[in-house]
Amino acid sequence: MSDSIDYKLFINGAWRLGGNGADLPLLNPATEHEFGRVAVASASDLDDALTSAQASQLQWSNTPAEERGALLIRAARILKGKIDLAAASLSTEQGKTLAEAKGEYARAVEMLEWNGAHAAKTSAPYPIDGKRIIVPEAIGVVAAFTPWNYPAVLNARKLGASIAAGCSVILKAAEETPSAGVYIIEALQEAGIPPGVVSLVFGSPPMISEHLLASPVVRALSFTGSTPIGKGLAKIAANNLQRCVLELGGHSPVLVFDDTNLLKAVSAISEYKFECAGQSCNAPSRILVARSIYEECLARLVRAAEKIRVGAPNDPTTDMGPMANARRIEAMERLTKDAVDRGAKVETGGRRIGRAGFYWAPTILSNVHPESQVLHEEPFGPILTVAPFDTIEEAIKEANASDYGLASYFFTDSLELRKRMVRSLSAGAISINHLKGVSADAPNTGIKQSGYGYEGGAEGVRAFQTLKLVNGG
Ligand code: NAD
């Protein structure tokens, strides 16, 4: 092993360097300085991962579900004991604050625990009637691809569900944030996962996904990332008819009606919007406000954004760290310029902060032209657009105008309006009077360009199972 490689591949129960000796640099987004290296998988490393996943698959799916669940719960405990160390690494490589990184790891632990606690139930046969039963079976080897924004939660969710279902899984975690995959796999290893059941690879994303999906050994694919990449993977998966779970981001509206507690709404919006520098798939991005309270709401949102302390992620007084990479800064510059060129007003922010580090000021745009890119492209950063509405119909139309359909939020005290909004909003998840959504115990999905398939809850385990119908005599 070379000491200069900080994060290695995990294949067939052992850590290794990439077969070609290649590696990639790791960049600290707060300083733009290199702080480490991550190993790159070669084609033969991927073949080894496929061979060991296939070899372990049958034995793992025949392992009693209670044992699989107990292993996940042991791994969750081990990971819990390392949260401080793991969160420090995540914060350095991703740019989120230390407090956010710890919060994320707490949720990652919950993902492993929940899947562990429900492995037996989700794998148990159940009757249709006196003669027929359904036997849930592991679908086979899973290829999982996770991004850099919430690597701990997303790795834990995909690994937890596939391991609980009885699948072997090959995880390609984000090259820019490798430590979360390493900490979680180490916890699984320490908990006793058999060789081959989990593999961890990094490298060239298209090379790895094309290589893995070209193999008929892989029976399902789970991807979180952008819509164009997700669509490309679904096309490749069609060749071998691999089942897809695609979580492809969003452009979530928040509707603020005039009968709500405005202070509560503004504080919930700004708290969640600027978490992880706005790089959450279900972050609110389009705020639609009843005309009668529009000016006040806008002024309060601007004040809340200006109070956010942007700074080094390891400084405990920081509320928001840098963006994760230079691509996001370029996107913020492009989206802001395009909106301003079309007549938008920058109420606050709209600029990069400082010289080193990918810092972008919390930004609020008003008077945004409907054709502006920021209203159509997932902003994935600390940018909010705010606009007034005059009627409920107009609010619903605007909220549903996006091609995405991941999350929608609204604030109202009216029971009648709640029912109507739940019926009318096109999104996989709706939150009323708050902005929390994803949890280990509930299924989550996107609609429209936000993807398909479920993660979370029993449905998240079912995503990696076949329900075999057994007809009795
Ligand atoms: P991207 O879509 O290129 O990459 C997102 C993730 O997918 C990365 O971790 C990358 O390694 C992986 N990836 C890229 N190409 C792949 C391939 N061919 N096969 C397998 N994995 C692949 O984009 P990005 O520049 O990292 O982020 C840009 C956009 O992606 C964001 O603006 C946002 O819209 C979206 N995104 C969404 C989420 C989410 O949680 N839904 C997370 C990250 C990024």
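Residues numbered from 1 in each chain as written. Predicted model: local features only at pLDDT ≥ 70, side-chain atom pairs only at ≥ 80, totals over all residues. Heavy atoms only, no water.

K.L.:
Can you lay out the domain arrangement of the chain for me, pointing to particular residues and giving the numbers?
P.N.:
Assigned domains within the chain: domain 1 (6-248 + 450-471) and domain 2 (252-432). A C-alpha centroid distance of 31 Å is found between domain 1 and domain 2. With 20 residues of domain 1 at the contact, the number on the domain 2 side is 28 residues. With both chains or domains summed, domain 1 and domain 2 bury close to 1,900 Å², and 52% of this area falls on carbon and sulfur atoms. On the domain 1 side of the contact with domain 2, W148, Y150 and S450 bury the most area, a combined 27% of that side's loss. In this structure, the connection of domain 1 to domain 2 is made through 2 salt bridges. Here R352 makes a salt bridge to E32, at a shortest N to O gap of 3.1 Å. At the boundary of domain 1 and domain 2, one finds 11 residue pairs in polar contact (both at pLDDT 80 or more). (Domains from an automatic or database assignment. Contact = heavy atoms within 4.5 Å. Buried area = accessible area lost by both parts, 1.4 Å probe. Salt bridge = Lys/Arg side-chain N within 4 Å of Asp/Glu carboxyl O. Polar contact = N/O pair within 3.5 Å; in protein donor to acceptor, adjacent residues only side chain to side chain.)

K.L.:
Give me the sheet that holds strand 24 (residues 465-471): which residues, what numbers.
P.N.:
In spatial order, the strands read 5-6-24; together these 3 strands make up an open sheet with antiparallel pairing. The open sheet has two free edges, formed respectively by strand 5 (126-127) and strand 24, since each of these has just one partner strand. Note: strand 5 against strand 6 (residues 132-138), 2 bridges, orientation antiparallel. Bridge assignment links Y126 to a residue of strand 6, and that residue is I134. (Pairing = 2+ DSSP bridges. Helix = DSSP H or I, 4+ residues; strand = E, 2+ residues; numbered from the N terminus.)

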